[in-house]
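Structure at a glance
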Amino acid sequence: KLQNVSNDEMEKFWPSALHEAGVRDWVIKHITGGMVKNAYAKFSLVKTPLGNELTSMNSEIVFSGFNLNYDESFPPITNVSGVANFTKDAMKISITDGTVLESKVSDSVVAIDDLFAPVTLLKISGRARGNASDGLKHAGYKTAFAGEMKKYLNGSAISDFDIRIPLKEVIALKDVYVAVNSVISGLNNGYVRGGVMTRTKKDFRSTNFVTNVDLTAAELIASAFEIEKKSNVESGLDFVVALKDPTKIRLRNISLWKKEPK
């Protein structure tokens, strides 16, 4: 049992039996900073001709101030507090609060359901509240595109997110699944004023972020497209953020529409 230990010292205490599944190395590399408030581990070993074999494990870590940098392509989650649970076969980290970009994260989970699967899949899901542009910044958050996003997608948002990453030595964007849904209030960019709902999804084996914006509850003025409408008229904006080359973002299949009242 441990109390009030720096997370950067935890490398010394991780059970070596977790090394085979790669979890120990992944946690040490990608989760840094902060403090372990309380931690315990119970495990059983059986001696075999090949060495000690882990037969069971139950571990819990209560922590604060952790930083989770799960992949270079996506923004890190910082100043994370919560509880991590480990068994012989699975990992689950429950996050009570944290920060990603300009949003606060809550009610979130970082999990690996099967440590010994042919492809170990890291799942990150939860809720965030903050700047509306953060939901789309996952599509190349270090690019100029992300830096300009706030001009067009401002206001406040309540979002849910689902990210799935295969843990392997080299991770490409096409290997990752991302879905972000947001309810945005206070949007005002010169074209749209009011509340909107957005849905963005990037499937496995794709580098395209397919995005739909429901503009029904907002006022819309797009003179260049001869589109003008008041709130409560069904309308939307659909487009694809293409990232085949991560250094160049392209917008494709843009469709701005409204449904004329009968």
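What counts, and where the lines are drawn
- Counting from 1, residues in each chain are numbered in the order their sequence is written.
- Only residues with pLDDT of at least 70 are given local features in this predicted model, and only at 80 or more are side-chain atom pairs given and counted; all residues enter the totals for whole chains, interfaces and linings.
- Calculation of side-chain values draws on the structure's entire complement of heavy atoms; hydrogens and water are dropped beforehand.
- Helix and strand labels come from DSSP, where a helix needs a run of H or I of at least four residues and a strand needs a run of E of at least two; each type is numbered from the N terminus.
- Note on exposure labels: buried denotes an accessible area under 20% of the residue type's maximum, exposed denotes more than 50%, and partly exposed covers the range between, all computed with a 1.4 Å probe on protein chains only.
- Residues count as neighbours in contact if any of their non-hydrogen atoms are within 4.5 Å of one another.
- Counting rule applied: Lys, Arg positive; Asp, Glu negative; His and chain ends not counted.
- Charge positions come from single atoms, namely NZ of Lys, CZ of Arg, CG of Asp or CD of Glu.
- In this analysis, the protein atoms alone were mapped onto a 1 Å grid. Cavities are point sets where a 1.4 Å probe fits without being able to get out; pockets are open sets with protein on both sides within 12 Å along at least five of seven lines; lining residues have an atom within 4 Å of a point.
- Grid points are joined across faces, edges and corners, and a volume is the space filled by probe spheres set on the points.
- For this classification, Asp, Glu, Lys and Arg are treated as charged, while Ala, Val, Leu, Ile, Met, Phe, Trp, Tyr, Cys and Pro are nonpolar and the rest, including Gly, are polar.
- In this text, buried Ala, Val, Leu, Ile, Met, Phe, Trp, Tyr and Cys residues form a nonpolar core when linked through side-chain atoms within 4.5 Å.
- Patch membership is restricted to residues that have no salt bridge and whose relative accessible area is over 30%. Joining uses 9 Å for like charges and 5 Å for the nonpolar side chains Val, Leu, Ile, Met, Phe, Trp and Tyr.
- Here, Shrake-Rupley sampling with a 1.4 Å probe gives the accessible areas, and only protein chains in the shown set may cover a residue.
- A pair is scored as a salt bridge if a Lys or Arg side-chain nitrogen falls within 4 Å of a carboxyl oxygen belonging to Asp or Glu.
- Under this definition, polar contacts are N or O atom pairs within 3.5 Å; protein pairs additionally need one hydrogen-donor-capable and one acceptor-capable atom, and for neighbouring residues in sequence, both atoms have to be side-chain atoms.
- Under the pairing criterion, centres of Phe, Tyr and Trp rings, with the six-membered ring standing for Trp, must be within 6.5 Å; the plane angle then separates stacked pairs below 30 degrees from edge-to-face pairs above 60, leaving the rest tilted.
- Two thresholds decide whether a charge sits over a ring: the Lys NZ or Arg CZ must be within 6 Å of the ring centre and within 35 degrees of the ring normal.
- When DSSP finds two or more bridges between a pair of strands, those strands are recorded as paired.

**A look at the overall build of the chain**
- Each helix and strand in the chain was counted, giving 2 helices and 16 strands.
- When the backbone C-alpha atoms are referred to their principal axes, the chain occupies close to 75 × 35 × 35 Å.
- Across the 262 residues in the chain, those meeting the buried criterion constitute 41%.
- For the chain, restricting intrachain contacts to residue pairs at least 6 apart in sequence, the fraction spanning at least 24 positions comes to 50%.
- For the chain, the distance from the average position of its 34 positive side-chain charges to the average position of its 30 negative side-chain charges is 2 Å.

**Topic: the layout of surface pockets**
- In this structure, the largest pocket encloses a volume near 680 Å³.
- If you go around the largest pocket, you meet 22 residues; those closest to its centre are Tyr 152, Asn 189, Leu 237, Phe 239 and Leu 251.
- Looking at the lining of the largest pocket, the elements that each hand over two or more residues are helix H2 (144–152), strand E11 (192–202), strand E13 (218–222), strand E15 (235–242) and strand E16 (250–258).
- A total of 4 residues in the lining of the largest pocket trace back to one element, the largest contributor, which is H2.
- Residues of the lining of the largest pocket, tallied by class, amount to 19 nonpolar, 2 polar and 1 charged.

**A word on the environment of Asp 203**
- Mapped onto the elements of the fold, Asp 203 is located in the loop between E11 and strand E12 (208–214).
- Among the residues examined, Asp 203 registers a relative accessible area of 36% and is labelled partly exposed.
- Distance from Asp 203 to Pro 118, taken between C-alpha atoms, is 20 Å for residues 85 residues apart in sequence.

**Some remarks on the nonpolar core**
- Tyr 70, Met 91, Ile 93, Val 110, Leu 122, Ile 124 and Val 196 are the most contacted members of the largest nonpolar core, which totals 54 residues.
- When residues in this core are grouped by element, the largest group, 6 residues, is from strand E4 (residues 51–68).
- Beyond its immediate sequence surroundings of up to four residues, Leu 122 is in contact with Trp 26, Tyr 70, Met 91, Val 110, Ala 111, Ile 112, Ile 163, Arg 164, Ile 165 and Leu 167.

**So, unusual backbone geometry**
- Positive phi values are uncommon outside glycine, yet Asn 232 reaches one of about 70 degrees.
- Note that Asn 232 resides in the loop between strand E14 (227–229) and E15.

**Remarks on a positive patch on the surface**
- Judged by side-chain charge, Lys 244, Lys 248, Arg 250 and Arg 252 come together as a positively charged surface patch.
- As for its placement among the helices and strands, Arg 250 is situated in strand E16.
- You can call Arg 250 partly exposed: its relative accessible area is 42%.

**Observations regarding the side chain of Asn 131**
- Secondary-structure assignment places Asn 131 in strand E8 (residues 121–131).
- With relative accessibility at 16%, the residue Asn 131 sits in the buried group.
- There is a polar contact of 2.5 Å between the side chain of Asn 131 and the side chain of Ser 133.
- Sequence-distant contacts of Asn 131, defined by excluding residues within four places in its chain, comprise Glu 102, Ser 103, Lys 150, Leu 153 and Gly 155.

**Digging into the pattern of salt bridges**
- Evaluated as defined, the whole model comprises 7 salt bridges.
- In this structure, Lys 174 and Asp 175 form a salt bridge, with 3.5 Å as the shortest nitrogen-oxygen distance.
- One salt bridge connects Glu 219 with Arg 193, and the closest N-O pair in it is separated by 2.6 Å. Taken together, the positions of Glu 219 in strand E13 and Arg 193 in strand E11 put the pair 26 residues apart, joining distant regions of the chain.
- One salt-bridge network, held together by shared partners, links Lys 168, Lys 174 and Asp 175.

**Digging into the packing of aromatic side chains**
- Under the criterion given, the structure shown has 2 aromatic pairs.
- One cation-aromatic arrangement involves Arg 164 over Tyr 177; the distance from NZ or CZ to the ring centre is 5.8 Å.

**As for the pairing of strand E6 (residues 91–100)**
- In terms of strand pairing, strand E5 (residues 77–87) meets E6 through 8 bridges, oriented antiparallel. Opposite Val 83, over in E6, you have Ser 94 as the bridge partner.
- Where E5 hands over to E6, the hairpin turn is made up of 3 residues, counted between the paired strands.
- As paired elements, E6 and strand E7 (residues 103–112) share 8 bridges and run antiparallel to each other. If you follow Met 91 over to E7, its bridge partner there is Ile 112.
- In sequence, E6 turns back onto E7 through a hairpin of 2 residues, with Leu 101 there showing a positive phi of about 55 degrees.

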